[in-house]
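Fold and geometry: a report
Now for the letters of each chain:
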Amino acid sequence: GEDVEQSLFLSVREGDSSVINCTYTDSSSTYLYWYKQEPGAGLQLLTYIFSNMDMKQDQRLTVLLNKKDKHLSLRIADTQTGDSAIYFCADPYAGNNRKLIWGLGTSLAVNP
Amino acid sequence: NAGVTQTPKFRVLKTGQSMTLLCAQDMNHEYMYWYRQDPGMGLRLIHYSVGEGTTAKGEVPDGYNVSRLKKQNFLLGLESAAPSQTSVYFCASSYSYNNEQFFGPGTRLTVL
C-alpha cells in the first residue's frame, strides 16, 4: 500500500541546521506537506511544495523534492529551541479512499 | 473565526463507559477527520467524512462510531470504552482530501 517513512528522532544543537527526511510511495500527488506539532497541541501546516518544484525556500525553511527517488526533505537553518517539535511529512493519496498518508513524525530536540 | 474546536479537552472513563467527542469547524469544509495519536505510532485515521451525512472507515475504526448530521460538526462515539482506547484524539477538517488539514487542539482520553 501507499506509505510515507520518516526517521523518528533528530537531535541538534541550537544554531545548527536540522534536516528531516521523508520518503513516499505515491508519486501522483500535486503537493507534499510538512506539518509541525508543538508539545500539547494539534498539528499545523508548516510548509508545502508543489510536485513540479524541486525546491522551495521560506525564511529559515528549505524544502527539497527529489521526485526520481521519491524523497522529500525539510531543512531548518539556525535551529532554535522553539523549533523543538514533531514534524510530519504527508502525501495526498489520489487512489481509492483519497486521503493524506502520514509519516510517523520526526521528533526534533534542540539542545542549547 | 475559531477554526476547529474540540470538546472536551480531557476525560477519564472507566472501562465499559460510553462517551461522545464533539468536533466543530467554522470554515465550511467538506472533509472532516478523527485521528488518534499514540507514542511511536504517529497519527492513525479512525473515521472520516467527505460531506454532510456521509461517514467512512479509516485505518482503526473498531470500537468507534461517528456521525455527521450537520456540515460543521463531526461526532466520535465510544460505546464501551476499553483501556486500549486511551489516547489523544484529534479532529481535523479540510476543503478536499489533498488540501491543508486544520486540526483541533486535541482531547486527552484515559480509560481505566
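This report concerns the structure included in the present document. (Residues numbered from 1 in each chain as written. Chains lettered and ligands numbered in written order. Predicted model: local features only at pLDDT ≥ 70, side-chain atom pairs only at ≥ 80, totals over all residues. Heavy atoms only, no water.)

Looking at the state of the cysteines
- Here the structure, examined in full by the defined rule, presents 2 disulfides over all chains.
- Put simply, cysteine 22 of chain A and cysteine 89 of chain A are joined by a disulfide, and their sulfur atoms are 2.0 Å apart. Since a negative S-S torsion denotes a left-handed disulfide, the cysteine 22 of chain A-cysteine 89 of chain A link at about -65 degrees is left-handed. Remark: cysteine 89 of chain A occurs in strand 9 (residues 85-93) and cysteine 22 of chain A occurs in strand 3 (residues 18-24); sequence separation between them is 67 residues. With respect to class, cysteine 22 of chain A is no different from cysteine 89 of chain A; both count as buried.
- Here cysteine 23 of chain B pairs with cysteine 91 of chain B through a disulfide, and the sulfurs are 1.8 Å apart. Every disulfide takes its handedness from the sign of the S-S torsion; for cysteine 23 of chain B and cysteine 91 of chain B that torsion is -75 degrees, giving left-handed. (Disulfide = S-S within 2.5 Å. Helix = DSSP H or I, 4+ residues; strand = E, 2+ residues; numbered from the N terminus. Buried < 20%, exposed > 50% of the residue type's maximum accessible area, 1.4 Å probe, protein only.)

Description of the sheet that holds strand 8 (residues 73-78) of chain B
Residue and element names in this part refer to chain B.
- Spatially, 1-3-8-7 is the arrangement adopted by the 4 strands of the open sheet, whose pairing is antiparallel. Edge positions in the sheet fall to strand 1 (4-7) and strand 7 (64-67), since each of these pairs with one other strand and no more. When strand polarity is set aside, the average angle formed by the axes of neighbouring strands in this sheet is 20 degrees.
- Bridge count between strand 1 and strand 3 (residues 19-25): 4 bridges; the pairing is antiparallel. (Pairing = 2+ DSSP bridges. Axes fitted to C-alpha atoms, helices over the stretch in contact; angles between N-to-C directions.)

Keep in mind that these numbers describe shape and distance, not what the molecule does.
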